[in-house]
Amino acid sequence: MAIPLPSLDIGLRAAETPGDVAVTLQILLLLTVLSLAPAIIILMTSFTRTVIVLSFIRNALGDQPGSAQSSLDWTCFVLNRFYYGTCLRFSLQ
């Protein structure tokens, strides 16, 4: 008993119906949004500014530049969650 293998056709061809074009554009839009969403979210928050300020403080205190970067990132993440959680609570009242 042989198991049939599926075939995969990758190529360019003319769209036969307007629905083909719509599905292709929806997939393209979805992939664009999914690839840009993390950058947009980070730019909309104060995470970047917090990381920069805390790295300046770390340098002013004389700490090594590469030490504990992940702990600095998590500290900024927690501070931003606290800040935006408070903003969200006030906006929902």
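Scroll up for the structure.
Here's a quick rundown of the structure. Along each chain, numbering runs from 1 in the same order as the chain's sequence is written. Two thresholds apply to this predicted model, a pLDDT of at least 70 for residue-level local features and 80 or more for giving and counting side-chain atom pairs, whereas whole-chain, interface and lining totals are computed over all residues. Side-chain metrics rest on all non-hydrogen atoms present in the structure, leaving aside hydrogens and water.

**A short note on the overall build of the chain**
Okay, so step 1: Put simply, DSSP marks the helices as runs of H or I at least four residues long and the strands as runs of E at least two long, and each gets a number from the N terminus on. Along the chain, the regular secondary structure elements total three helices and zero strands.
Okay, so step 2: Counted from the first residue to the last, the chain has its helices and strands arranged as α-α-α.
Okay, so step 3: As defined in this context, the radius of gyration uses C-alpha atoms, and a globule is described by 2.2 Å times the residue total to the power 0.38. Here the chain has a C-alpha radius of gyration of 24 Å; the compact-globule value for 93 residues is 12 Å, and the former is much larger.
Okay, so step 4: The principal-axis extents of the C-alpha atoms in the chain amount to approximately 65 × 45 × 30 Å.
Okay, so step 5: Under the scheme applied here, a residue whose accessible area is under 20% of the maximum for its type counts as buried, over 50% as exposed, and between as partly exposed, the area being computed with a 1.4 Å probe on protein chains only. Here the chain holds 93 residues, and 10% of them are scored as buried.
Okay, so step 6: Taken as a whole, the chain presents about 8400 Å² of accessible surface, with 72% of it coming from carbon and sulfur. To be clear on the numbers: accessible area is Shrake-Rupley with a 1.4 Å probe, and residue cover counts the displayed protein chains and nothing else.

**Let's talk about helix α3 (residues 69-92)**
Since the α-helix turns once every 3.6 residues, residues separated by three or four places project in the same direction.
Okay, so step 1: For α3, built from 24 residues, the straight-helix expectation of 34 Å at 1.5 Å per residue is met to within 8% by its first-to-last C-alpha distance of 34 Å.
Okay, so step 2: Residues of α3 that are buried include every one of Leu72, Cys76 and Asn80, and no others. To estimate how far a helix should reach, multiply one less than its number of residues by 1.5 Å.

**Regarding the side chain of Thr50**
Okay, so step 1: Along the chain, the position of Thr50 falls in helix α2 (residues 47-60).
Okay, so step 2: Note on Thr50: relative accessible area 17%, which makes it buried.
Okay, so step 3: The contact definition used throughout considers only heavy atoms, calling two residues in contact when any of these lie within 4.5 Å. With residues near it in sequence (within four places) discarded, Thr50 still touches Cys76, Leu79 and Asn80.

**So, the environment of Leu29**
Okay, so step 1: Looking at where Leu29 falls in the secondary structure, it is placed in helix α1 (residues 18-44).
Okay, so step 2: Here the alpha-carbon distance between Leu29 and Thr75, two residues 46 residues apart in the chain, equals 34 Å.

**Some thoughts on the packing of aromatic side chains**
Okay, so step 1: The pairing test for Phe, Tyr and Trp rings, Trp by its six-membered ring, is centres within 6.5 Å, and the orientation test on the planes gives stacked under 30 degrees, edge-to-face over 60, and tilted for anything in between. By the definition in use, this model includes one aromatic pair.
Okay, so step 2: Between Trp74 and Phe77 the ring centres are 5.3 Å apart and the planes differ by 85 degrees, which places this aromatic pair in the edge-to-face class. With a gap of three residues between them, Trp74 and Phe77 both fall in helix α3, about one helical turn apart.

**Structural notes on α2**
Okay, so step 1: In this model α2 runs 20 Å from its N-terminal to its C-terminal C-alpha over 14 residues, within 8% of the 20 Å that 1.5 Å per residue would give.
Okay, so step 2: Restricting attention to buried positions, one finds in α2 the residues Phe47, Thr50, Val51, Ser55 and Arg58. Burial along α2 is one-sided: seen end-on, the buried residues are contained in an arc of 130 degrees. With respect to the buried face of α2, the exposed residues turned more than 90 degrees away are Arg49, Phe56 and Ala60.
Okay, so step 3: Tucked inside the fold, the buried residues of α2 contact α1 and α3. As used here, the arc belongs to the directions running from the helix axis to the C-beta atoms.

**Describing the packing of α2 against α3**
Okay, so step 1: Note on method: axes are straight lines fitted to C-alpha atoms, helices fitted across the in-contact stretch only, with angles between N-to-C directions ranging 0 to 180 degrees. Close contact between α2 and α3 brings their axes to 9 Å; oriented N to C, the two are set at 130 degrees. When the axes of α2 and α3 are compared, the pair comes out oblique. As for the relative orientation of α2 and α3, their crossing is right-handed in sense. On α3, the residues that touch Phe47, Thr50, Val51, Leu54, Ser55 and Arg58 of α2 are Gln69, Leu72, Asp73, Thr75, Cys76, Phe77, Leu79 and Asn80.
Okay, so step 2: Ten residues, namely Ala, Val, Leu, Ile, Met, Phe, Trp, Tyr, Cys and Pro, are considered nonpolar, four, namely Asp, Glu, Lys and Arg, are considered charged, and the remaining ones, Gly among them, are considered polar. Taken together, the residues of the contact of α2 with α3 sort by class into seven nonpolar, five polar and two charged. Put simply, angles under 35 degrees are roughly parallel, angles over 145 are roughly antiparallel, angles from 65 to 115 are roughly perpendicular, and the rest are oblique. Two helices that cross are described as forming a left-handed crossing if the nearer one is turned anticlockwise from the farther one by less than a right angle, and a right-handed crossing if clockwise.

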